[in-house]
Amino acid sequence: MLELKTNNKLVVVYLFLFEIFMIFIGMIISIIFQEPLNQLYLKIRRALFKSLHKNKKTAISKAQTFIIGERVTTVVVIDGDGYVDFKNKNIVFHVCELLPYALPDEISQYYENTVADLDKRKERGEVVPWNGSTLSLYKYVVSRTADFEDYKLEVFLAKNDYYTVYSTIHNLNNGKPSLREKYIETFDFENNTLYPLPNSIGLCLCVRTSDDKLIFAVRSTDSGYRPGQSDVSVVEGLNPQYDLKLHSLDLLSACNRAVYEEIGNIETDKIDVSVLGLVFDKEYNQWNFIGDVSVDMTQDELISRRNSGTSGKWELKVLDFVKFHPKDIFQYLSTHKMWDMGIVTVYFTLVHNGFSKDKLQQFIEKYL
């Protein structure tokens, strides 16, 4: 009888130790596999989300100022909603050598003053932007394809020089009335009118790694715009030297070039681009195609590649890698100043990856 009781006690002890052991093993397994399981979950959700919206018809909506939470941004969404990609073949560019109209009289005076100021700064040994060739948008036409009612855009561009655009942007608030008051605040975004000011047009892209990190950039203090501020992964102007082919432009190729140059010499076959919309930032007189980009490289691989040399690295002082989840992203944005264009691009990217607008609203209210 005594022996039986002793055996029972041993069994209880063994069971207890076995339970502790299994808990320990479970903890190790959860630590090892939690991140891969989370990544698998996100990939499945994205695939389902894209499948769900693959054949979604996209009605033409009015261009409107984007509001995030209670914040009225300076960004006007011309077309796009984050749910559906723009097909590359449905974005048609027309490029001419010069703007097909005379610029406002004020521009020439602002240009002369700006160039004189830049020359003085150069003489003092300061770093100043160089006057390269750039592109300006002067017209766009929003429509839909006849077959599937996909997004369709015609974009009319003219070659320009950087100093003309730079001097315009840096003098938007000068004069009575100012350029902003006369030409931006009164512009009709609906009726295909010609946009009157020299402007910049480019790309504003969120880049995600294969281990689900969203890349944010901190701009160099020598950058021509927003020096020292946080930004999305890639903000790059369309470049007539590299992006034009036979008086047209391939937007997908331009996105691949921008990611390659700004993030870390990434091969095209490792880059997957989704163009999500055309928007205009009234604060900076800037048009951008915004997009969601995934790269088949981890955070560590990108850092290693970047350290080997990136041509655009002087503009991006630091890269921050943030877990790709609304909580982590909006928490980051709450402590890092970023222009409205960047925040709108982040929002569209989150929507594109299956996060509901109601869910996003919760984190926006908490952190922004």
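One can find the structure itself at the top, above this paragraph.
Here's a quick rundown of the structure. Bear in mind that the values here come from a model prediction, so they are computed numbers and not experimental data.

**Digging into the nonpolar core**
Ranked by internal contacts, the top residues of the largest apolar core, which has 54 residues, are L157, I201, L203, L251, V259, W287 and F289. With six residues, helix 6 (residues 251–264) is the largest single contributor of residues to this core. Grouped together as the second largest cluster of nonpolar side chains are 35 residues, V77, F355, F363 and Y367 included.

**A closer look at the packing of helix 8 (residues 326–335) against helix 10 (residues 357–367)**
At a minimum axis distance of 9 Å, the contact between helix 8 and helix 10 shows a crossing angle of 30°. Taken together, the axes of helix 8 and helix 10 are roughly parallel relative to one another. Handedness of the crossing formed by helix 8 with helix 10: right-handed. Of the residues in helix 10, those touching helix 8 at P326, K327, F330, Q331 and S334 are L360, F363, I364 and Y367. Classifying every residue of the contact of helix 8 with helix 10 gives six nonpolar, two polar and one charged.

**Comments concerning the environment of I184**
Its place among the elements puts I184 in helix 4 (residues 179–184). The spacing of I184 and L172 is twelve residues in sequence and 9.1 Å in space, taken between C-alpha atoms. With residues up to four places along the chain from it excluded, the contact list for I184 reads L172, L179, Y195, L197, F280, K282 and N285.

**Details of helix 10**
When helix 10 is considered as a whole, its buried residues turn out to be L360, F363, I364 and Y367. Looking down the long axis of helix 10, one finds its buried residues gathered within 105° of arc, a one-sided arrangement. Residues of helix 10 that are exposed and angled more than 90 degrees away from the buried face: D358, E365 and K366.

**Here we look at the pairing of strand 7 (residues 213–219)**
Strand 7 sits mainly inside the fold: six of its seven residues count as buried. As judged from the three bridges shared by strand 7 and strand 8 (residues 230–232), these two strands associate in the antiparallel manner. Across the sheet, F216 pairs through a bridge with V232, a residue of strand 8.

**What about the state of the cysteines?**
Considering all chains together, one arrives at zero disulfides under this definition. No disulfide involves C206; its nearest neighbouring cysteine sulfur is the one of C204, lying 7.0 Å away. On the basis of relative accessibility, which here comes to 1%, the residue C206 falls in the buried class.

**Quick notes on the pattern of salt bridges**
Using the criterion set out here, one finds 15 salt bridges in the structure. In this structure, E106 engages K182 in a salt bridge whose closest nitrogen and oxygen atoms are separated by 2.9 Å. Taken together, the residues E106 in helix 2 (residues 105–123) and K182 in helix 4 connect sequence positions 76 residues apart. Judged by relative accessible area, which is 22%, E106 ranks as partly exposed. Overall, the relative accessible area of 33% leaves K182 in the partly exposed class. Here R257 ties to D243 by a salt bridge, and the two come within 2.8 Å at their closest N and O atoms. Separated by 14 residues along the polypeptide, R257 in helix 6 and D243 in helix 5 (residues 240–243) bring together distant segments of the chain. A residue is classified by how much of its surface remains accessible, and R257, at 11% relative accessible area, is buried. Each of E236, D243, R257 and E261 takes part in a single network of salt bridges with overlapping partners.

Rules used throughout
- Residues numbered from 1 in each chain as written.
- Predicted model: local features only at pLDDT ≥ 70, side-chain atom pairs only at ≥ 80, totals over all residues.
- Heavy atoms only, no water.
- Core = buried A, V, L, I, M, F, W, Y, C linked by side-chain atoms within 4.5 Å.
- Buried < 20%, exposed > 50% of the residue type's maximum accessible area, 1.4 Å probe, protein only.
- Helix = DSSP H or I, 4+ residues; strand = E, 2+ residues; numbered from the N terminus.
- Axes fitted to C-alpha atoms, helices over the stretch in contact; angles between N-to-C directions.
- Parallel < 35°, antiparallel > 145°, perpendicular 65-115°, else oblique.
- Left-handed = near helix turned anticlockwise from the far one by under 90°.
- Contact = heavy atoms within 4.5 Å.
- Nonpolar A, V, L, I, M, F, W, Y, C, P; charged D, E, K, R; others polar.
- Arc of directions from axis to C-beta.
- Pairing = 2+ DSSP bridges.
- Disulfide = S-S within 2.5 Å.
- Salt bridge = Lys/Arg side-chain N within 4 Å of Asp/Glu carboxyl O.

By themselves, these are just geometric observations and shouldn't be taken as functional.
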